[in-house]
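Fold and contact review
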Amino acid sequence: MTPLEKTMTHENSSRPTFRFPHIFVVLFSFICLAALSTHFLQAGSYERVANEQGRTVVVPDSYAEVEAQEAGWLSPFMAVFEGMGEGSSIIFFIFISGGAFGVLKATGVLQKVVASISNALTGRDLILIPLLMLLFAMGGATFGLAEETIAFIIILAPLLRMLGYDSITAAAVPLVGAGAGFSAAFMNPFTVGVAQDIAELPMFSGMTLRACYWLIFVSVSIAFVTRYAAKVKAHPEASLVFNSDRRQFGKPQANEDPGALSVADKLVLAAFVGTILVIAYGVIRHGWYIGEMSGAFLLMAILIGAFARMNPNKIADHFVEGIQEIAMGALVVGFAFGILVILRNGEILDTILYHLEGLLSGMPAVVTAVCMFFVQLVLNFLVPSGSGQAALTMPLMVPLADLVGVTRQTAVLAFQFGDGISNILTPTSGYFMAGLAVAGVSWSKWIKWILPLAILQLGMASLMIALAQIFSWT
């Protein structure tokens with residue numbers, strides 16, 4: 001039995017028998033609860049008008065009761081289908097971009113780049129920690145790097161143990177790096193893009209402030225991990241997993257030389273980086289939207305496949321594999337929109353807004369914005385999909401923000417921090433738990449190690465959201 005198999009067996013044997021409900025079970029339960037609520041909550045509606053910027057906004061103090069529209073017994077089942085239609089543009093964008101990254105992943109170029117950089121820095125290895133984390137943070141900020149971190153943990157775990165670090169460091173470099181970049185992302189299409197779409201904001205608007213927040217958030221996270229890595233390198237017994245590392249893995253073997261990047265590899269890398277830059281330019285200067293970005297990702301998939309000498313059928317196969325990996329996240333959007341369909345058809349969406357407005361109206365807008373962040377943080381334990389959570393919560397949070405005086409950009413910021421920070425904390429996050437298992441780190445050990453950083457990130461996020469609201473960020 002290999003060390004990895006022993007680790008997985010150990011993790012599986014130590015898991016409690018209780019299994020958290022599947023995300024589709026959770027969301028369909030919400031759909032049923034929403035349908036039931038139409039029989040008990042008074043239907044009501046706000047007036048809505050288009051403002052000077054062309055955005056649809058709620059008119060304050062315009063709430064009025066209307067005739068009840070109770071959901072029928074078939075409504076929860078129809079809502080899933082109708083929700084898929086409501087979120088179709090977002091769903092298909094996720095499918096296309098996921099398929100494109102499936103082709104990129106199949107080339108193995110990104111894994112080879114990481115391994116090459118690692119080998120080149122042997123002897124100056126401490127610099128490897130912040131450098132790799134910065135690369136992962138860029139991935140989290142630009143294309144939502146998350147599930148792909150598992151592959152990098154497989155590569156980095158033996159390398160970092162060979163250099164004198166522990167399994168927590170091996171897991172933290174990809175997970176914390178990508179997680180910090182994801183949380184404070186400045187152009188992640190799956191979180192910022194989807195949320196701004198629902199909020200009727202220009203795609204990736206407010207990027208300057210987001211980039212500043214990203215730099216601060218990522219720098220603090222890198223410093224935390226690097227400090228721990230240096231401590232473990234100097235005093236291995238200080239590692240929280242010192243005994244389990246020796247027991248499970250013994251002395252690590254030397255890492256294989258991945259070899260130099262070939263011409264084809266460099267062309268693949270150029271196509272990937274070029275696509276990200278083109279999309280950024282198109283969004284900022286020409287107002288590109290989901291359609292244009294989908295087209296750019298599809299073109300990227302074809303170019304990468306051609307540069308990697310894949311035949312058309314092979315490109316299509318890897319494209320489908322990429323769609324399969326992202327399919328659940330895409331379909332979560334449809335289920336989330338199904339909840340919105342029930343609430344809107346039952347005329348109780350505005351009723352919920354009315355009561356939330358009453359609850360938060362007495363608070364300063366800054367406090368309300370921070371409260372919205374913690375609401376999103378809690379919801380992420382139930383809906384770990386970023387795009388799915390955006391589809392579920394932003395239709396409520398945007399009009400609520402308008403009513404209580406919180407800017408829409410601040411509401412989006414509260415969402416992305418609330419969605420991102422807990423991704424490497426909650427046991428309902430599948431890729432995170434798989435990453436820990438691959439690295440050989442138990443969830444309890446991880447939480448004990450990361451808790452100080454998590455508290456620090458929560459404090460930074462709250463302060464950043466408060467400052468955005470104070471300065472009326474639009």
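All values derive from a computational prediction rather than experimental measurement. (Residues numbered from 1 in each chain as written. Predicted model: local features only at pLDDT ≥ 70, side-chain atom pairs only at ≥ 80, totals over all residues. Heavy atoms only, no water.)

1. A closer look at the packing of helix α6 (residues 128–143) against helix α8 (residues 167–183)
Stated formally: Only the contacting stretch of a helix is used when fitting its axis, a line to C-alpha atoms as for every element, and angles between N-to-C directions run 0 to 180 degrees. Secondary structure elements are taken from DSSP: a helix is a run of H or I of four residues or more, a strand is a run of E of two residues or more, and numbering for both begins at the N terminus. Our angle categories are set so that under 35 degrees counts as roughly parallel, over 145 as roughly antiparallel, 65 to 115 as roughly perpendicular, and the remainder as oblique. Note on convention: the crossing is left-handed when the near helix lies turned anticlockwise from the far helix by less than a right angle, right-handed when the turn is clockwise. Throughout, a residue-residue contact means that at least one pair of heavy atoms, one from each residue, lies within 4.5 Å. Each residue receives one of three labels: charged for Asp, Glu, Lys and Arg, nonpolar for Ala, Val, Leu, Ile, Met, Phe, Trp, Tyr, Cys and Pro, and polar for the others, Gly being one of them.
Two elements in contact, α6 and α8, have axes separated by 6 Å at closest approach and are oriented at 40°. The angle between α6 and α8 places the two elements in the oblique class. As α6 runs across α8, the sense of the crossing is right-handed. Here I129, L132, M133, F136, A137, G140 and A141 of α6 lie close against α8, whose contacting residues are T169, A172, V173, P174, V176, G177, A178, G181 and F182. Residues belonging to the contact of α6 with α8 are distributed by class as follows: 12 nonpolar, 4 polar and no charged.

2. A word on the pattern of salt bridges
To keep it simple, the criterion reads: For this analysis, a salt bridge means a side-chain nitrogen from Lys or Arg found within 4 Å of a carboxyl oxygen belonging to Asp or Glu. Three exposure classes are used, based on accessible area relative to the maximum for each residue type with a 1.4 Å probe and protein chains only: buried under 20%, partly exposed in between, and exposed over 50%.
Counted according to the given criterion, the structure contains 3 salt bridges. With its nearest N and O atoms 2.5 Å apart, the salt bridge here joins E86 to R344. On the criterion of sequence distance, the pair formed by E86 in helix α3 (residues 75–86) and R344 in helix α14 (residues 312–345) is long-range, its members being 258 residues apart. A relative accessible area of 35% means that R344 is categorised as partly exposed. Note that R408 and E200 form a salt bridge whose closest N and O atoms lie 3.3 Å from each other. Here R408 is found in helix α18 (residues 408–421), whereas its partner E200 is found in the loop between α9 (189–198) and α10 (207–234), with 208 residues between them in sequence.

3. Quick notes on the packing of aromatic side chains
Note the threshold: Under the pairing criterion, centres of Phe, Tyr and Trp rings, with the six-membered ring standing for Trp, must be within 6.5 Å; the plane angle then separates stacked pairs below 30 degrees from edge-to-face pairs above 60, leaving the rest tilted.
For the structure shown, the criterion picks out 14 aromatic pairs. Relative to F190, the ring of F93 lies with its centre 6.1 Å away and its plane at 35°, an arrangement referred to as tilted. Taken together, the residues F93 in helix α4 (residues 88–107) and F190 in helix α9 connect sequence positions 97 residues apart. Between the aromatic rings of W446 and W449, the centroid separation amounts to 5.0 Å while the plane-to-plane angle is 50°, which identifies the pairing as tilted. Of the two residues, W446 and W449 are both situated in helix α20 (residues 443–470); the distance of 3 residues between them amounts to about one turn of the helix. Given the relative accessible area of 5%, W449 is considered buried. Taken together, F93, F101, F190, F272 and F297 form an aromatic cluster joined through their ring pairs.

4. Some words on the side chain of N188
Filter applied, for reference: Here a polar contact is recorded for every N or O atom pair within 3.5 Å, except that within protein the pair must consist of a potential hydrogen donor and a potential acceptor, and residues adjacent in sequence are included only if both atoms are side-chain atoms.
For N188, the position within the fold is in the loop between α8 and α9. Polar side-chain contacts of N188 include one of 2.9 Å to the backbone nitrogen of F190. In this structure N188 touches G140, A141, T142, F143, G144, F182, G193 and F204, once residues within four positions along its chain are discounted.

5. Digging into α8
Put simply, the rule is: Multiplying 1.5 Å by the residue count of a helix minus one yields the expected span of that helix. Across the chain, bend at a residue is computed as the angle between axes fitted to the seven residues ending at that point and the seven starting from it.
For α8, built from 17 residues, the straight-helix expectation of 24 Å at 1.5 Å per residue is met to within 8% by its first-to-last C-alpha distance of 23 Å. Within α8, the axis deviates most sharply at V173, by approximately 30°, and proline P174 lies no more than four positions further along. When you tally the buried positions in α8, you get 17 out of 17 residues, the bulk of the element.

6. Topic: the environment of I326
Looking at the element boundaries, I326 is found in helix α14. Sequence separation between I326 and G98 is 228 residues, and the spatial gap between their C-alpha atoms is 5.8 Å. If near-sequence neighbours (up to four positions away) are discounted, I326 is found in contact with I94, F95 and G98.

7. Remarks on unusual backbone geometry
One non-glycine residue with positive phi stands out, namely E200, at about 60°. Relative accessible area serves as the criterion here: at 37%, E200 is assigned to the partly exposed category. The phi torsion at S472 lies on the positive side, around 50°, for a residue other than glycine. Relative to the elements of secondary structure, S472 occurs in the segment after α20. Overall, the relative accessible area of 45% leaves S472 in the partly exposed class.

8. Things to note about the confidence of the model for the protein chain
The condition that has to hold: A score between 0 and 100, pLDDT records how confident the predictor is in each residue.
With 85% of its residues at a pLDDT of at least 70, the protein chain reaches an overall mean of 82. Low pLDDT, under 50, characterises residues 249–255; the predicted model gives this stretch 18 contacts beyond four residues in sequence or across chains.

9. So, the packing of α9 against α18
With their axes 10 Å apart at the nearest point, α9 and α18 run at an angle of 145° to one another. By crossing handedness, the relation of α9 to α18 is classed as right-handed. Where α9 approaches α18, its residues T191, V192, A195 and Q196 are matched on the opposing element by Q409, V412, F415, Q416 and D419. Residue composition of the contact of α9 with α18, grouped by class: 4 nonpolar, 4 polar and 1 charged.

10. Topic: the environment of Q324
The residue Q324 is located in helix α14 in this model. Residue Q324 is classed as exposed on the basis of its relative accessible area of 57%. It is 8.1 Å that separates the C-alpha atoms of Q324 and G99, two residues lying 225 residues apart in sequence.

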